[in-house]
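# Coordinate analysis (summary)
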Amino acid sequence: MCQSEARRGPELPAAKWLHFPQLALRRRLGQLSCMSRPALKLRSWPLTVLYYLLPFGALRPLSRVGWRPVSRVALYKSVPTRLLSRAWGRLNQVELPHWLRRPVYSLYIWTFGVNMKEAAVEDLHHYRNLSEFFRRKLKPQARPVCGLHSVISPSDGKILNFGQVKNCEVEQVKGVTYSLESFLGPRISTEDLPFPPATPCGSFRNQLVTREGNELYHCVIYLAPGDYHRFHSPTDWTVSHRRHFPGSLMSVNPGMARWIKELFCHNERVVLTGDWKHGFFSLTAVGATNVGSIRIYFDRDLHTNSPRYSKGSYNDFSFVTHANKEGIPMRKGEHLGEFNLGSTIVLIFEAPKDFNFKLKAGQKIRFGEALGSL
């Protein structure tokens, strides 16, 4: 035996060298499994990001020792969208120097196809910050309100879905549904309702329908970043109640809506409910990434994307008081509220069986155009 071989000592079996990394990884995974859920999530998150960013199969050996990446949906949900949206809101309030306004707004107009000829003020120097530009008003003649149909579009946008509500499920996009009760929340006390339910018990849908022979309908309108960001009353109705759901602020574009089930139930939203001439009527403004700010013009107590509200809860407010037993009357086309950037409007309402939508899924629509009528 040579001197160099004597110094190396006895060789370990090749199999032990091959299994050593797996044993070490198993030991490490065992330590992770003993951690609390928040700590485990924090430790697993960077590794999951690498799993999806690195070339395919780069981290496949980890699967042999029991590690599984967090799903893409769970990974996306873990992003602090509320915090990022609050930061974006602060940035939007920063006043831009006069010389910088035209190039910044021109870039936005070019990127999202904004038609500034419809704006009440076309001069880009007029808008002091991004927030004012996003919430710009339109010329009065830019959006004529259709008087022939009973329900009009409350905003500019794209029709994602519409039709009758079936089995207490609503389609956010074709083939992807969410629970009607999860979206609207528990039914408010019948004492606060202008009309009692047609059936006092049964499914949640039956609790909303107030008249025999009526059906429940829905319509989902997606507002892109380049659209007009204010929304209006879609019909003549009375708003009696507001429910605010603090929640996530994930993107609500159609691609994401196909990807995440019950996306609208996860996101922050403001549900306005009341009645119109055919019974129950509701309009829900759904927040999205960088759209933490939802404003309802007649509701000064509403504060969205606030750190004082926790996800999973909701806050109710009634507009019916001793002094005002009717609620807030809204006329068709009247200004109702606004978003910051872009988001989604969901209408859920009761109407007779012969109500017909004048729409096609995927079509572009503008505020004031017909949604449907009897």
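Keep in mind that what you see is a predicted model, and the values were worked out from it rather than measured. Each chain carries its own residue numbering, running from 1 in the written order of its sequence. Where local features are concerned, this predicted model is filtered to residues with pLDDT of at least 70; where side-chain atom pairs are given and counted, the filter is 80 or more; whole-chain, interface and lining totals use all residues. The side-chain values count all of the structure's non-hydrogen atoms but skip hydrogen atoms and water molecules.

## Examining the sheet that holds strand β15 (residues 356–357)
The condition is simple: DSSP calls a pair of strands paired once it identifies at least 2 bridges connecting them. The numbering of helices and of strands both runs from the N terminus, where a helix is a DSSP run of H or I of at least 4 residues and a strand a run of E of at least 2.
Here we have three strands laid out as an open sheet, ordered β1-β17-β15, and antiparallel in their pairing. The sheet is open, and its two edges are formed by β1 (151–152) and β15, each paired on a single side. Relative to strand β17 (residues 370–373), β15 runs antiparallel, the two sharing two bridges. Looking at β17, one finds that N356 is bridged to S373.

## Some details on helix α6 (residues 98–112)
For the record, the criterion: Each helix should span, by expectation, one fewer than its residue count multiplied by 1.5 Å. Categorising residues by exposure relies on relative accessible area from a 1.4 Å probe, with only protein chains included: less than 20% of the type maximum marks a residue as buried, more than 50% marks it as exposed, and the intermediate range marks it as partly exposed. It is the directions from the helix axis to the C-beta atoms whose arc is reported. Every residue pair with non-hydrogen atoms within 4.5 Å of one another is taken to be in contact.
For α6, spanning 15 residues, the distance from its first C-alpha to its last is 22 Å, which sits close to the expected 21 Å at 1.5 Å a residue. Listed as buried for α6 are R101, Y105, Y108 and I109. Along the axis of α6, the buried residues cluster in a sector spanning 100°; they form a single face. In α6, those exposed residues whose orientation departs by more than 90 degrees from the buried face are W99, L107 and W110. In this fold, the buried residues of α6 make contact with α7 (130–134). Immediately beyond the C-terminal end of α6, within one or two residues, lies G113, with a positive phi of roughly 65°.

## Some remarks on the nonpolar core
The condition is simple: We call a set of buried Ala, Val, Leu, Ile, Met, Phe, Trp, Tyr and Cys residues a nonpolar core when their side-chain atoms join them within 4.5 Å.
The biggest cluster of nonpolar side chains holds 31 residues, and the ones touching the most others in it are L347 and F349. Secondary structure elements with two or more residues in this core: β5 (214–222), β7 (237–245), β8 (269–276), β9 (279–286), β10 (294–296), β13 (335–339) and β14 (344–352). The element contributing the most residues to this core is β14, with four residues. Apart from residues no more than four positions distant in its own chain, F349 is found in contact with E215, L216, Y217, W276, F280, F281, F355 and F357. Membership of the second largest hydrophobic core comes to 28 residues, among which are F183, V209, V252 and C265.

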